[in-house]
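# Structural description and commentary
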Amino acid sequence: MTFQEEFTYETRPVRVVFRPGAAVTATPDEAARLGLRRMLVVCGSRGESVARTVADALGDRCAGLHPEARMHVPVEDADRAVAAVRAAGADGCVAVGGGSAIGLGKAIALRTGLPLIAVPSTYSGSEMTPVWGLTEHGAKRTGRDPVVQPRSVVYDPRLTLSLPLSLTVTSGINALAHAVEALYAPDVSPLVSVMAEEGVRAMTEALPRLAADPEDLDARGRALYAAWLCGACLGTTTMGLHHKLCHVLGGTYGLPHAETHTVVLPHALAHNAPAAPQALTVLSRALGGTDDVPRALWELAGRLGAPRSLAELGLAEADVAPAAARAAGEPYANPREVTAEGVRGVLLAAYEGGPPEHAEGSTPQRS
Ligand code: NAD
């Protein structure tokens with residue numbers, strides 16, 4: 001962005017603790033700092049063993065383990081979790097896991113006002129945002145409320161060692177999507193731009209290293225650092241067409257979150273590129289100087305073995321038009337005007353999974 005434009009930057013206090021190999025011991029310290037004495041630990045079924053070690057480390061400060069987090073936080077799951085919190089007499093929660101576990105912790109915070117500590121094990125970045133989501137009757141609602149923003153975030157790259165390579169890659173690209181849309185958001189600011197550029201650079205360096213050696217702890221740490229930066233971008237800006245599309249595909253059509261972001265991103269960016277020249281310049285720099293950023297992202301996903309089409313993820317071709325109509329039907333910020341036809345074009349390209357179109361006027365400016 002240039003300094004002839006206005007900007008506002010707002011962020012909320014959050015303590016970030018990066019402690020390789022020591023999330024289990026860092027979490028009780030964070031609970032103590034916040035004065036919390038009875039924490040309910042929430043996680044998904046796959047993350048239960050790690051969450052149990054965190055619960056054990058909390059000792060007397062642990063009021064129970066609730067291993068029921070699922071993708072997109074169905075409202076009945078939130079109801080059950082709130083009941084568990086009340087039954088346990090908890091004064092706070094610890095969410096251990098990916099965006100789904102953190103999402104359930106946020107739903108509890110939204111309903112009860114209780115503080116949340118997040119111990120992330122994916123690169124979704126939810127831990128850095130005041131955004132909550134709940135799914136009811138086949139539709140996902142999201143909102144922003146400072147009460148759901150975790151008070152403390154404990155990053156430990158060791159917790160991500162068990163993340164399968166496929167999810168490592170797609171979750172990493174999910175993080176890139178936050179940085180991409182932050183760069184053309186109406187509330188982008190110079191600090192967001194710096195975080196987005198560094199986040200994209202760090203994540204796109206880390207992912208190929210992890211594809212070569214998923215146990216490379218330095219690359220795991222770099223990817224978590226990138227997830228932090230990209231999540232912070234998401235937390236302070238307004239997302240556009242790409243996030244809207246993924247939200248509809250996940251909430252209404254049940255598509256998996258990170259994989260959907262991975263498939264849609266190059267096509268949504270190719271569509272928006274002619275209207276977002278400054279974002280493209282920053283992204284090009286972060287990616288080592290490419291002239292075609294959407295194509296570079298599509299090639300990166302392919303090289304890393306990620307899915308490339310919504311058809312592969314299980315979307316039916318007949319769902320493309322209604323999903324597009326739904327995504328186009330609600331107003332939201334986007335650098336390019338959102339039209340039903342434009343959105344359908346993006347979705348169809350993502351459904352088919354070929355290389356994104358290089359539109360006129362979408363070559364990054366050299367600065
Ligand atoms: P997830 O939390 O659903 O995790 C995906 C799968 O990986 C699950 O089966 C989980 O148990 C497993 N898993 C997680 N960490 C693991 C690990 N270290 N080792 C082995 N398995 C592991 O997926 P996600 O992509 O992290 O999060 C997606 C959800 O988060 C969606 O509902 C999305 O809407 C939400 N989200 C919210 C925000 C926000 O700001 N509110 C931001 C990003 C994502």
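Residues numbered from 1 in each chain as written. Predicted model: local features only at pLDDT ≥ 70, side-chain atom pairs only at ≥ 80, totals over all residues. Heavy atoms only, no water.

## Description of the overall build of the protein
Per the secondary structure count, the protein includes 13 helices and eight strands. Since a compact globule built from 367 residues should have a radius of gyration of about 21 Å, the 20 Å found for the protein is in line with a globular shape. Principal-axis analysis of the C-alpha atoms places the extent of the protein at approximately 60 × 40 × 40 Å. Split into buried and exposed, the 367 residues of the protein put 55% on the buried side. Looking at the protein as shown, the accessible area adds up to about 14,600 Å², and 51% of this sits on carbon and sulfur atoms. Looking at the protein, you have 32 positive and 39 negative side-chain charges, and the mean spots of the two groups are 6 Å apart. (Helix = DSSP H or I, 4+ residues; strand = E, 2+ residues; numbered from the N terminus. Rg over C-alpha atoms; globule rule 2.2 N^0.38 Å. Buried < 20%, exposed > 50% of the residue type's maximum accessible area, 1.4 Å probe, protein only. Areas by Shrake-Rupley, 256 points an atom, 1.4 Å probe, with all protein chains shown as cover. Lys, Arg positive; Asp, Glu negative; His and termini not counted. Charge placed at Lys NZ, Arg CZ, Asp CG, Glu CD.)

## Here we look at the domain arrangement of the protein
Taken domain by domain, the protein comprises domain 1 (15–161) and domain 2 (164–352). Each of domain 1 and domain 2 has a C-alpha centre, and the two are 25 Å apart. Listed per partner, the contact involves 24 residues of domain 1 and 32 residues of domain 2. Linking domain 1 with domain 2 are zero salt bridges. Run the count over domain 1 and domain 2 and you get eight residue pairs in polar contact (both at pLDDT 80 or more). Counted by class, the side of domain 1 that touches domain 2 contains 10 nonpolar, nine polar and five charged residues. (Domains from an automatic or database assignment. Contact = heavy atoms within 4.5 Å. Salt bridge = Lys/Arg side-chain N within 4 Å of Asp/Glu carboxyl O. Polar contact = N/O pair within 3.5 Å; in protein donor to acceptor, adjacent residues only side chain to side chain. Nonpolar A, V, L, I, M, F, W, Y, C, P; charged D, E, K, R; others polar.)

## Brief notes about the sheet that holds strand E1 (residues 15–18)
The strand order across the open sheet built from six strands is E1-E8-E5-E4-E2-E3, with neighbouring strands paired in parallel fashion. The open sheet has two edge strands, E1 and strand E3 (62–69), and neither has a second partner. Across the sheet, the mean angle from the axis of one strand to that of its neighbour is 20 degrees, orientation sign disregarded. Here four bridges tie E1 to strand E8 (residues 152–155), and the two strands are oriented parallel to one another. Within E8, the position partnered with phenylalanine 18 by the bridge is tyrosine 155. Sheet strands in contact with helix H2 (residues 48–58) are strand E2 (39–44), E3 and strand E4 (92–97), and its direction is about 170 degrees off that of E2. (Pairing = 2+ DSSP bridges. Axes fitted to C-alpha atoms, helices over the stretch in contact; angles between N-to-C directions.)

## Topic: the pairing of E3
Across five bridges, E2 lies against E3 in parallel orientation. When the bridges of E3 are listed, glycine 44 appears paired with alanine 69.

## Considering helix H9 (residues 257–272)
The terminal C-alpha atoms of H9 lie 21 Å apart, and with 16 residues this matches the ideal 22 Å at 1.5 Å per residue to within 8%. In H9, a bend of some 40 degrees at valine 264 exceeds every other bend along the element, and proline 266, a proline, comes one to four places later. Counting buried positions over the 16 residues of H9 gives 14, a clear majority of the element. (Expected span 1.5 Å × (residues − 1). Bend = angle between axes of the 7 residues up to and from the residue.)

## What about the site of the ligand?
In the vicinity of the ligand, 20 residues are found, and the nearest of them are Ser100, Ser121, Thr122, Thr129 and Lys140. One of the side-chain N or O atoms of serine 121 is found 2.7 Å from a nitrogen atom in the ligand. One of the side-chain N or O atoms of threonine 122 is found 2.6 Å from an oxygen atom in the ligand. Taken by itself the ligand offers 850 Å² of open surface, and the protein chains cover 86% of this. Sort the elements by how many residues they give to the shell around the ligand and helix H4 (residues 99–112) lands first, with three residues. Classifying every residue of the shell around the ligand by side-chain character gives six nonpolar, 11 polar and three charged. For the shell around the ligand, the domains that each give at least three residues are domain 1 (15–161) and domain 2 (164–352). (Near = heavy atom within 4 Å.)

## Observations regarding the layout of surface pockets
In this structure, the second largest pocket occupies an estimated 410 Å³ of space. Together, 19 residues line the second largest pocket, and Glu10, Thr11, Arg12, Gly235 and Thr236 are the ones closest to its centre. In terms of residue count, helix H7 (residues 217–236) provides more of the lining of the second largest pocket than any other element does, five residues in total. Residue composition of the lining of the second largest pocket, grouped by class: nine nonpolar, six polar and four charged. The residues that make up the lining of the second largest pocket include at least three from each of domain 1 (15–161) and domain 2 (164–352). (1 Å grid on protein atoms, 1.4 Å probe; cavity = no way out; pocket = protein on both sides within 12 Å on 5 of 7 lines; lining within 4 Å. Points joined across faces, edges and corners; volume = space filled by probe spheres on them.)

## Considering the pairing of strand E5 (residues 116–120)
On a regular strand, one side chain projects to one face of the sheet and the next to the other, so that they alternate. Summarising burial for E5: five of the five residues are buried, a large majority. Because side chains alternate across E5, one face comprises the buried residues Leu116, Ala118 and Pro120, and the other comprises Ile117 and Val119, equally buried. Bridge count for E4 against E5 is five bridges, and the pairing is parallel. Each bridged residue has a counterpart across the sheet, and for alanine 95 the counterpart in E5 is alanine 118. Here E5 runs beside E8; their pairing, made up of two bridges, is parallel. Of the residues in E8, the one forming a bridge with alanine 118 is valine 153.

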